[in-house]
Amino acid sequence: MRWWSVVGMLAVFGGCGSPSGREDAGDITDPPLDTAGDEGDESDAPPLGTEAVFELRLADAAPAPLTLEMNKDEVAELFGERADEILLLELDSTPLLTNTLTTVRDACGLAWQFDDPDPHHDCSLTPLGQTFVGPDGTWQTSAEYAMVRLLTMTSANVDVSGTSSEGLAGLADALSWIIDDYGTILSDVLGIERTETVITTDALVASFRENFVATHPAAGEGGTLGLTLGDALSNLSTLADRYGPAGAHPGVIDPSYPVQGEVFGPDFKMIAKADSNLRVVDGIDADRIDAGAGKGFASIVVDRTGPTYEDELEFDFNDPEKFRVEGLIEDLTIDLRFKVGEHPQFVPSCTGSGVCQGNLPGAPTSASSVWSRDPWDIEFLVTDAAYRDYVNLPPFSVTYLLGSASVDVGRNGNPLGWIEYFVFLGLGNPPEDQYVWETILEVAQVRLHDSGFATFPEGVEIAFTIEDIPCGLTGSEAAEAVRPYLQEQASDISDFLLGDYKDANDPVDFYYRRAEDGRAYLYFTAPEDRPAAAAYDYARPGFFADPELTRRASATNVVGLADTAHEKLALPTGESHYYFEDDNGTRYRARFVVPEDDSTLEVAVAQVL
Amino acid sequence: MRSQTLAPSLLVLAGSLLLPACSEDTVPLPDETPPAPIAVGESREVELRYLALDVTGFDNELTLDELRAMPRATLAGVWLADLDITPLMVNSLDQLSNLSSDEVAELGPAAQNMRQLLRMTPDNANLQGTNLEELIALSASVGIPPARALANLLGVGVTDDFIPPDTVAQVMLTHVVGTHPNAQWRRGAVNEDHPDGLYPVAPNSLPLTLVDVVTNFEDMAERFGPYGNHPGFVSKARGLTVVEGDFVLTTKVNANALPFKGTDLGNASVASVNSIGGQIETAHDYSDPDWMSIRGLVPEPRVEELTFTVFENDAFILGGTSQEPLGQGNSPAWDLPEWEFERLIVEMGREVEAQLPAHCDTYELNTGADAFTACVDENGWVTMETFNNLGNPPPPAYLHDLILEIAQVRLHDGGLAEGAADVAMSLRDVMVGVDTDDLIEQARKNLQQNPEALREFASLITDSTRGDADFYYVRFGDEDWLYFVTEEDLRLDDEGHPVREYAYDAPGFFADRGLSMKVSSTDEVDGDVDHEKVRISPGDVLYVLDADDHRFEIRVGAKPSRAWVSLVVTRVE
């Protein structure tokens, strides 16, 4: 600091004009803010302390943009824990579920696709199948296999033993030399090929998406899975926590097994170029002038880009020139373990009564209805999948043996999917009338507890550890897919990085800046210039023409300026004098000298004694 | 001229018995007509009288005009003090820093740039064109005030100078002033300790002699301009006013004010040898605090116009890239002459480093990532790192290397080419910053410790040497002595230079014509150890070789009077 020793009592500076007589500038001012005449009546100036002289400069030039080209470690370093809050994309779980459930379905081979009552499962054929280990050490006795058996159930290999359809199936199979066997009847009724799965993968995926995934508190709408930067940086391991058990939900992911999925390849780069809206402005903290430290600085946001106009950094994630990621793993896969469980008790199908025709998803007719179960229960998931497959099953009717047996689906005034069995004299003890999906519910439950090799008590939990499951998105697609998500969060990301900029601000009383109208103003500090928790103890903010602070020279509202938070003052060219009070209640006189080029002004601050 | 007035006045003083006179005889005025040269074989009789006029406490006052009339060489030989010019340097720098805009406009481009350099603070630093430009520009982008970052790096406030004025002054004094030969050595008496007659000048000082005082340092630019390899540091100095018109230098003299009488063997004439020089050891009573006084020094000496010069190297000097040698590094700036701009800058930078404790400043982003870290170790080695190399921070270097680059770039602002930015900083009315009372006291002490410095000066005060005596007669008590002249006894011209060369091949007195048996010696007699001298009695025969290599026989005759000897001089060859 350059001290200009000025005798304390010398307070008379000539040529400063006469007082304007304005009592208050009000708070609406036409531009330019007319301070002529108020720039200091120094003829009756009070005694002053020693002046300290400073220069205040305008920082008109926009700072150079920040250009970052980061590898994975640098991205992690830059964002820190905030990476968990940066959503890269919302992954449609459909492909992942499709791939997962298909992998599970085919875990014991593909022989089930043949028109053969025996699916010829051999779980030793696949890595996943090899993980199925039952009580006796074989896959046959594992609950996982029971699930595979269910998922691979076709008309050809359907096993309804132990179900209400067992009698009918037995009768049909016994009379197969004169009528179709049960498998054919079933395929006819369901309108599927004999070798098609009774529950389609698409329906099962949809059911899992809506009932298993979407019901998780962390999942997005429609069962999307949010993928954050933190997830990507952690090779997706953080997904286990986020999509693990939550409340009543058992979790989409079983956290007992580490999730793994490399997203960033070894050549990964994130290139981001952002314009900074921060401007460092020169200011004065008057109560430190005695310590030689009166000059201070504050950063302010000058955001004229929008849409929020408060961003410290201006990102454009949609512009490949300003943002792009390179080196993502092209074949994005994931290793995870998911676990599904069933209701602790057998869930009865709703049969026979007309009431059951109204037993539909979202409208259970009884507490025991499958639709009253938790949506993530196996019973619900399977039934809902079947419902999706068959809710629009076209009306169908088939008669056997000259009308001695018939099956009607969606006929006779019944809703679609409602199945009626008729067998002369009730031979074969046919099932009661019910929806197709209720039948499948029963079969599924029975098979889940009796895979043909082993039986299981109610309350089965089945977990599958699957690896290298494609996420349904390539690296290239992901690189583009992140753009809208990041752009949506541009303001947040800006805050994450520089949102604390005010913490570094000196507690200046006022600062010098150019406003949007092109004029340079003194801005008296306002609460918004301070960190959130900082006190703002100015009793009379602003600039005054007199030492008693009765004639306000500054105004908060200046026509042409959007800001209304600050007391602002446009200085005249030449020398002028104003008074102000700091946050300690100390009054000062500021003598300004503004040259024709207003880029730098000189201010001499002296305490009013 | 003082020399023309003092001796008669002393006689008047003696005659009026205002001072205790010790003359033993009436003294006739000497015959001013020079006799003819003595021929070989010719003999002439000369009578020498010992004249004594002992004055005590005589105030020997010299006005400015009287002093200025003295030979420059004599005045230059009276060293008063080493003038500490630290205040002058500081004042000059301060004035340079605070010039008005009109005054700045009068400076040359390089000087203006130099001025800006001296005024550079973290707040006003212009780093454009330097390795720090991009980094500093980007610091604002992330909410780090550039000035704050710079200030923290330097360990100063944002409006403090990059290089403190005291440091600038000290480095300038040490490396520019202190390396100038005329600021390193001054001339003084030749003696055993100083056989070359050179004496070191105190650090940060210029030797101040009487001639400087009475001429108001008129030759300052000449003395401290180019000298040998040194380009000098003052190109113009005018109006360094040290003394006022009523200046008076007063010394109190206690001495025999009359000259010794001797013989010029060339014509066997009586000549006079000033006696003050020979009495210089006892001429002043240093126990008297008023033995010397100076009146009329200006209270606050000022320089009316002073132009400092600083010369830059013709090439851009790169900063160092290595920490070795520790604390200095390997910048070629260290190999430059000490007075060159680039060398001065690294010296200043090193001084700054010496005051700077090791520290690190880290600026974090809101995420906790380190946006910028600047560390300075205990040797001034600066390491700057930014996240993702933002702002392309310069490689590690000593702080003085960074400053060197900044200084060189800024010195050439305005398109000055390398080598075209030699600086001449002209200042007006600069206070020397010397306390004249201190100066006087310092001069008094110096003269007291070195009375030889006053020999010629004191001799000139009386200016009583007449003719060119080869020896002279001195009487101590009842003893009669002949003193062979020394170089100090030679008559001086108006410029203070000896009128003749001291060309004696065999000074002294001998017992034989072949000059092989010297009977004189320089053994101490009444404090004198400089002269060849011999005690004489009537009937003694001595042989002497004069400056023209003529041999003479001197026969001591009967004494005409107690303080009077009669000699017969015969040229024997």
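Owing to the predicted nature of the structure, the values given are computational and were not obtained by experimental measurement. Here, residues in each chain are numbered from 1, in the same order as that chain's written sequence. All chains are assigned letters beginning at A, and all ligands numbers beginning at 1, according to the order in which they are written. Local features in this predicted model are restricted to residues of pLDDT 70 or higher, and side-chain atom pairs are both shown and tallied only at a pLDDT of 80 or more, whereas totals for entire chains, interfaces and linings draw on every residue.

### Re the overall build of chain A
And then number 1: When its secondary structure is counted, chain A shows 12 helices and 22 strands.
And then number 2: For the radius of gyration, the atom set is restricted to C-alpha positions; the globular benchmark scales as 2.2 Å times the number of residues to the power 0.38. Computed over C-alpha atoms, the radius of gyration of chain A comes to 38 Å, more than 25% over the 25 Å expected from 2.2 N^0.38 for 609 residues, which places it beyond the range of a compact globule.
And then number 3: Projecting the C-alpha coordinates of chain A onto the three principal axes gives extents of approximately 125 × 50 × 35 Å.
And then number 4: Per-residue burial over chain A gives 45% buried out of 609 residues.
And then number 5: Residue pairs are scored as contacts if the distance between their C-beta atoms, which are placed from the backbone, is within 7 Å. Put simply, of all contacts in chain A between residues at least 6 apart along the chain, 70% involve residues at least 24 apart. In this description a helix means any DSSP run of H or I spanning at least four residues, a strand means any run of E spanning at least two, and both kinds are numbered starting from the N terminus. With C-beta atoms placed from the backbone, a residue is labelled by how many other C-beta atoms lie within 10 Å of its own: buried for 20 or more, exposed for 12 or fewer, partly exposed between the two.

### Thoughts on helix α7 (residues 133-141) of chain B
And then number 1: Among the residues of α7(B), Leu135(B), Ile136(B), Leu138(B), Ser139(B), Ala140(B) and Ser141(B) are the ones counted as buried.
And then number 2: Packed against the buried residues of α7(B) are β3 (66-70), β6 (264-276) and β7 (278-284) of chain A together with α8 (146-154), β12 (370-376) and β13 (381-386) of chain B.
And then number 3: Where α7(B) terminates, the next one or two residues include Gly143(B), which has phi positive at roughly 85 degrees.

### So, the sheet that holds strand β15 (residues 423-431) of chain B
Residues and elements named next belong to chain B.
And then number 1: By this definition, two strands are paired if DSSP reports at least two bridges between them. Ordered in space as β2-β7-β10-β15, the four strands form an open sheet in which the pairing is antiparallel. If you trace the sheet from one side to the other, it starts and ends with β2 (54-63) and β15, each paired once. Along the sheet, successive strands turn relative to each other by an average axial angle of 20 degrees, direction set aside.
And then number 2: Relative to strand β10 (residues 292-310), strand β7 (residues 234-256) runs antiparallel, the two being bridged by 11 bridges. Counted as the bridge partner of alanine 237 is leucine 306 from β10.
And then number 3: Under this scheme, a helix contributes an axis fitted over its contacting stretch, all axes are lines through C-alpha atoms, and angles between N-to-C directions fall in the 0 to 180 degree range. Each of β10 and β15 is contacted by helix α6 (residues 109-118), which is oriented at about 65 degrees to β15, the strand it contacts most.

### A short note on the sheet that holds strand β21 (residues 564-571) of chain B
Residues and elements named next belong to chain B.
And then number 1: Strand order across the open sheet formed by four strands is β1-β21-β20-β19, with antiparallel pairing between neighbours. Every other strand in the sheet has two partners, leaving β1 (43-49) and β19 (541-545) as the edge strands with one partner each. Strand-to-strand twist across the sheet, computed as the mean angle between neighbouring axes with direction ignored, equals 30 degrees.
And then number 2: Both β19 and strand β20 (residues 551-556) contribute to a ladder of five bridges, which runs antiparallel. Considered in β20, the bridge of tyrosine 543 is made with glutamate 553.

### A short note on the environment of Val142(B)
And then number 1: Looking at the secondary structure, you find Val142(B) in the loop between α7 and α8.
And then number 2: For Val142(B), a count of 27 C-beta atoms within 10 Å translates into the label buried.
And then number 3: Taking C-alpha positions, Val142(B) is 9.4 Å from Glu364(B), a pair spaced 222 residues apart along the chain.
And then number 4: The contact partners of Val142(B), leaving out residues within four places of it in the chain, are Ser276(A), Leu498(A), Leu365(B) and Ala371(B).

### Considering the pairing of strand β21 (residues 587-594) of chain A
Residues and elements named next belong to chain A.
And then number 1: Burial runs high along β21: six of the eight residues are buried.
And then number 2: Strand direction decides the pairing type here: strand β20 (residues 574-581) and β21, joined by eight bridges, are antiparallel. The residue of β21 that forms the bridge with phenylalanine 580 is tyrosine 588.
And then number 3: Hairpin connection, β20 to β21: the antiparallel pair is bridged by five residues, and glycine 585 has positive phi, about 85 degrees.

### A short note on unusual backbone geometry
And then number 1: Following Gly306(A), the chain continues to Pro307(A) via a peptide bond in cis, the omega torsion being 5 degrees.
And then number 2: Inspection of the secondary structure puts Pro307(A) in the loop between β8 (295-301) and β9 (313-314).
And then number 3: Following Glu324(B), the chain continues into Pro325(B) via a peptide bond in cis, with omega recorded as -10 degrees.
And then number 4: Residue placement: Pro325(B) occurs in the loop between β10 and α13 (341-354).
And then number 5: Positive phi, close to 50 degrees, is recorded for His120(A), a residue that is not glycine.
And then number 6: With respect to the helices and strands, the residue His120(A) is situated in the loop between α2 (93-105) and α3 (143-151).

### A closer look at the packing of helix α9 (residues 165-177) of chain B against α13(B)
All names here are of chain B.
And then number 1: Viewed as axis vectors pointing N to C, α9 and α13 meet at an angle of 130 degrees, and their least axial separation amounts to 9 Å. One way to sum up the angle between α9 and α13 is to call them oblique. In this structure, α9 crosses over α13, and the sense of that crossing is right-handed. Only Arg343, Leu344, Glu347, Met348, Glu351 and Val352 of α13 make contact with α9, whose side of the interface consists of Thr167, Val168, Gln170, Val171, Met172, His175 and Val176. For classification purposes, an angle smaller than 35 degrees is called roughly parallel, one larger than 145 roughly antiparallel, one from 65 to 115 roughly perpendicular, and anything else oblique. Put simply, a crossing is left-handed when the front helix is turned counterclockwise from the back one by less than a right angle, and right-handed when it is turned clockwise.

### Some remarks on the nonpolar core
And then number 1: If you look at the biggest cluster of nonpolar residues, it comprises 264 residues, and the most contacted ones within it are Val436(A), Ile440(A) and Val605(A).
And then number 2: With near-sequence residues (within four places) excluded, Val436(A) lies in contact with Leu190(A), Ala386(A), Tyr390(A), Leu393(A), Val409(A), Gly417(A) and Ile419(A).
And then number 3: Joining buried Ala, Val, Leu, Ile, Met, Phe, Trp, Tyr and Cys residues through C-beta atoms within 7 Å gives a set, and that set is a nonpolar core. With 41 residues, the next largest nonpolar core counts Ala268(B), Tyr473(B), Trp481(B) and Tyr483(B) among its residues.

### Concerning helix α11 (residues 475-488) of chain A
Residue pairs spaced three or four apart in an α-helix point in one direction, given the helix's 3.6 residues per turn.
Residues and elements named next belong to chain A.
And then number 1: Take the number of residues in a helix, subtract one, and multiply by 1.5 Å to get its expected span. Spanning 14 residues, α11 covers 21 Å between terminal C-alpha atoms, matching the ideal 20 Å at 1.5 Å per step.
And then number 2: The bend at a residue is defined as the angle formed between two axes, one fitted to the seven residues ending at that residue and one fitted to the seven starting there. Its maximal kink placed at valine 482, α11 deviates by approximately 25 degrees, while the proline proline 484 follows within four residues.
And then number 3: The complete set of buried residues in α11 reads Ala478, Val482 and Leu486.

### A look at the confidence of the model for chain B
Residue and element names in this part refer to chain B.
And then number 1: Summary of the metric used: pLDDT quantifies the predictor's per-residue confidence within the range 0 to 100. Residues of chain B with pLDDT of at least 70 account for 91%, and the chain-wide mean is 86.
And then number 2: In the predicted structure, residues 1-28 sits below a pLDDT of 50 and forms 40 contacts with residues beyond four places in sequence or in another chain.
And then number 3: Scoring of the predicted complex yields 0.77 for pTM and 0.83 for ipTM.

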